[in-house]
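# Analysis of the macromolecular model
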Amino acid sequence: MLVRVNHTELEGIARHFDEEQHRFTRKLHHEEWAEFMVVWRGQRVEIYEDYAIPGRELFSGHKKLAFLIPLKSSRTYFSLYSSVDLSFCILCPPTAVRNGHSKTRALFHRLIEGTNVFIFKVKSRARAQEWIWRLWLHLGGKIPQFIEISCPTINTRLKLDLPTEDVVNPERAYELFSVRSIVDVVRRSMISAHGISSVASRDWKCVIEPQLEAGRRLALDWRLAAQLDWISQTEDFQGNARPWSVLYGLSLKQSTRTSHLEIRVADHVPCVIHLPDGTTMEEPPGVEGYLDRIKLQSQTRQRVYLTSHDGNLFALSPRDANPPAPPSTHLSRIVGEQTDVRGYGQDLFRSEVERGATQIWSAYGVLDLRSIQCVRAVEGQEGQEGDLPVDEDDGGIEGLAKVQDKLRLRLRRSFEIVLLTGPVIRLEAHSCRNCLEWIDKLRALVTYWTHRDLEDTKLVMDVSHALNQHYRVTPLFPKCQHGEGCSSPPEAPTDPGATLPSLSSIYHWCILSDCKSIVKCGRVFTRKGLRGQYKLSQLILVAGRLIQFHVRPVSALHPRRSRDISLLDAYVCSGYLAALALPREEFDPNSRSPPRRYHDGLEVDEPGEDVLFMVRYRKSHISTPERQGDLLMDVPRLSTKFKTAVFRTRNKVERDSWCWALSCEIDKIVKKNGIREQKLRETGGLIDISH
């Protein structure tokens, strides 16, 4: 894991040391981030690194012991450093290692003076949860006699009692507080109105039960402020049970904020929007196919394959198109092999998700559907005297051979995409009928994703307003019902104890269940390395990789950047900890960030470190999803250098959701490469502490 080692000569440092306390703690001497092997044995935590002399590890049989953390010391404390990336901190007195130490690290090993501050960042979110829970429990954490669980959808709370004898017996508490048992208890209590109000029972029956009867299910989560963490993994990557997966949230306490256990309907991405005229619109089906792109100035033609995914239109070379199989293929397989239709449907769904991911891996350009002003036909389809009717156009060369005015038929097969920034993209379909189909489907997609973007922006602003607990940048005044002279006060800050039921739309289950080709996408300011200029990018998380497309206002298609970021062996850091890695002249914790307003109406006034996150990754030469297995047995050394990518979102809510999505994707990679992860954990020997 990544470790940042700090030391202060003070001994009265706050026990609950987190990023809030770090902002106000001075005279901290630190080393830069480095990857260590961290081992918990008995009453101490050992931190190992590679030897500087090549071959010494082979000679000694173990790695170099760099630091020791005595867990039995009365001056050793544990705390959650950041709930966003699940980094945690251990404070302890300086402790000498047995094999000596260098002069540059002398202040970390003194026996009497000062305090060592170790900040840990585990690669896998699931492994971080286990470290946090076990350390919290070992260093004095107590299971309470009851746990309060809330249902944000109907704004109801229940209290789940724990017998006194089970408080001191964690194994018994694990059995009582499992996901299934809690869901069953809550549902029975709500339906029977046992121990709750009749109003809450009525709301549950009217709101929650119809959704469950429609095939949806209930799930548990821990919420800290405006961050949601679903309890989704009951086993680790080795297949071992995680009985503490519900109770671990008790250890999630940062500053004055504590975590809350909630029960919600496991929502996926919303697929219905509300239009200004009061009607609703479901997400239209995607569109894909071969087209000819015609450059307006030179009239040259370029064959291209376009496919739409989550509000983006991707451009691929025809050799990388990977089009869907014809329907006859699936029908012949079902009839010929007598395949189970339901099982085959699930396999087909998964294969389509993987096919979409492969297409995005191969795309060389992208177009945001929300940046399209209109889609129009180049030539009217009503036809003139001598024109071929739309239904009689066989398409391709065969259709052109039936008419004399071939140029006019080509124009009738063409349509244009006009962007808000001015550029125009002209495309020619296979036939007139295909052209009309492209126009209709693209118009529906543009309408849906434009209004969907407005709804998402309003949701983010509402959540951000609840999180910051102060007035909006532009206050919202209630509408006056009596004409002129209304003096109603602006909208007040929200209640800090608000349940925020809309968080399920931001932290949705599509990220956890791999039901979409794109895990997450959006516009983010990025730069390569710790120095340089930030550039606006369309950032897309797909199949364990971050793909960046450079957003240029004057370009029709946003080109793909040359290097993707592989999340294999990657670490995600955020907030103040990430800001400390920036050049000193670039980050001033005392400076105030001016309010900002973006083109979609989003208004923010949060400090710079609250919108910052970094990805530390190692260079990978794997370019296709099928070749990811080539890295299965490639285990890097601890001293292998990392590359750094810096990202800035528009506000804290967007930053938190990106960090959560990246952490969930890293968990999937760890679970998928279980053999490699086990080999990583077994790499390097430990010193003998038996004597």
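Attention in this report is confined to the structure presented alongside it. Note that the structure is a prediction, hence the values are computed from the model and not measured.

### Here's the deal with the sheet that holds strand 22 (residues 365-368)
Read across the sheet, eight strands follow the order 23-24-25-19-20-21-22-29 without closing on themselves; strand pairing throughout is antiparallel. Where the open sheet ends on each side, the last strands, each with one partner, are strand 23 (372-377) and strand 29 (558-559). The sheet contact formed by strand 22 and strand 29 spans two bridges and is antiparallel. The residue bridging Gly365 from the neighbouring strand is Pro559, located in strand 29.

### A look at the environment of Arg527
Assignment of secondary structure puts Arg527 in strand 26 (residues 520-528). Each C-alpha atom of the pair Arg527 and Ala645 lies 6.2 Å from the other, and the pair is 118 residues apart in sequence. Beyond its immediate stretch of four places on either side in the chain, Arg527 contacts Gly532, Gln533, Tyr534, Leu582, Pro583, Glu586, Ala645 and Val646. A distance of 2.4 Å separates a polar atom in the side chain of Arg527 from the backbone oxygen of Leu530.

### A closer look at a positive patch on the surface
Where like charges cluster on the molecular surface, the positive patch consists of Lys528, Arg563, Lys619 and Lys643. Relative to the helices and strands, Lys619 is located in the loop between strand 34 (612-617) and strand 35 (643-648).

### Points about the packing of helix 6 (residues 179-192) against helix 7 (residues 198-213)
Contact geometry of helix 6 with helix 7 gives a least axis separation of 8 Å together with a crossing angle of 125°. The angle between helix 6 and helix 7 falls in the class oblique. Crossing hand, helix 6 versus helix 7: left-handed. Where helix 6 approaches helix 7, its residues Val186, Arg187, Met190 and Ile191 are matched on the opposing element by Ala200, Ser201, Trp204, Lys205, Glu209 and Leu212.

### Structural notes on the side chain of Ser308
With respect to the element layout, Ser308 can be found in strand 20 (residues 301-309). What makes Ser308 buried here is its relative accessible area of 10%. Only 2.9 Å separates the side chain of Ser308 from the backbone nitrogen of Val287, close enough to count as a polar contact. Excluding residues within four positions of it along the chain, Ser308 makes contact with Gly286, Val287, Leu313 and Leu445.

### Things to note about the pattern of salt bridges
Under the criterion given, the structure shown has 47 salt bridges. Lys63 is paired through a salt bridge with Asp50; the nearest N and O atoms lie 2.6 Å apart. Within this pair, whereas Lys63 is found in the loop between helix 2 (56-60) and strand 6 (64-70), its partner Asp50 is found in the loop between strand 5 (44-49) and helix 2, the two being separated by 13 residues in sequence. For the residue pair Lys63 and Asp50, the accessibility class agrees, reading buried in each case.

### Topic: the nonpolar core
Inside soluble globular proteins, nonpolar side chains tend to come together where they are buried. In this structure, Ile69, Phe118, Phe120, Ile149, Ile182, Leu220 and Leu261 are the most contacted members of the largest nonpolar core, which totals 58 residues. Top contributing element to this core by residue count: helix 3 (residues 125-138), with six residues. Leu220 has contacts with Ile149, Val179, Ile182, Val183, Trp230, Ile231, Val246, Leu261, Glu262 and Ile263, leaving out every residue within four places of it along the chain. If you look at the next biggest cluster of nonpolar residues, it comprises 48 residues, including Leu459, Leu567, Trp658 and Cys664.

Definitions and limits used
- Residues numbered from 1 in each chain as written.
- Predicted model: local features only at pLDDT ≥ 70, side-chain atom pairs only at ≥ 80, totals over all residues.
- Heavy atoms only, no water.
- Pairing = 2+ DSSP bridges.
- Helix = DSSP H or I, 4+ residues; strand = E, 2+ residues; numbered from the N terminus.
- Contact = heavy atoms within 4.5 Å.
- Polar contact = N/O pair within 3.5 Å; in protein donor to acceptor, adjacent residues only side chain to side chain.
- Patch = residues over 30% accessible without salt bridge, like charges linked within 9 Å, V, L, I, M, F, W, Y side chains within 5 Å.
- Areas by Shrake-Rupley, 256 points an atom, 1.4 Å probe, with all protein chains shown as cover.
- Salt bridge = Lys/Arg side-chain N within 4 Å of Asp/Glu carboxyl O.
- Lys, Arg positive; Asp, Glu negative; His and termini not counted.
- Charge placed at Lys NZ, Arg CZ, Asp CG, Glu CD.
- Axes fitted to C-alpha atoms, helices over the stretch in contact; angles between N-to-C directions.
- Parallel < 35°, antiparallel > 145°, perpendicular 65-115°, else oblique.
- Left-handed = near helix turned anticlockwise from the far one by under 90°.
- Buried < 20%, exposed > 50% of the residue type's maximum accessible area, 1.4 Å probe, protein only.
- Core = buried A, V, L, I, M, F, W, Y, C linked by side-chain atoms within 4.5 Å.

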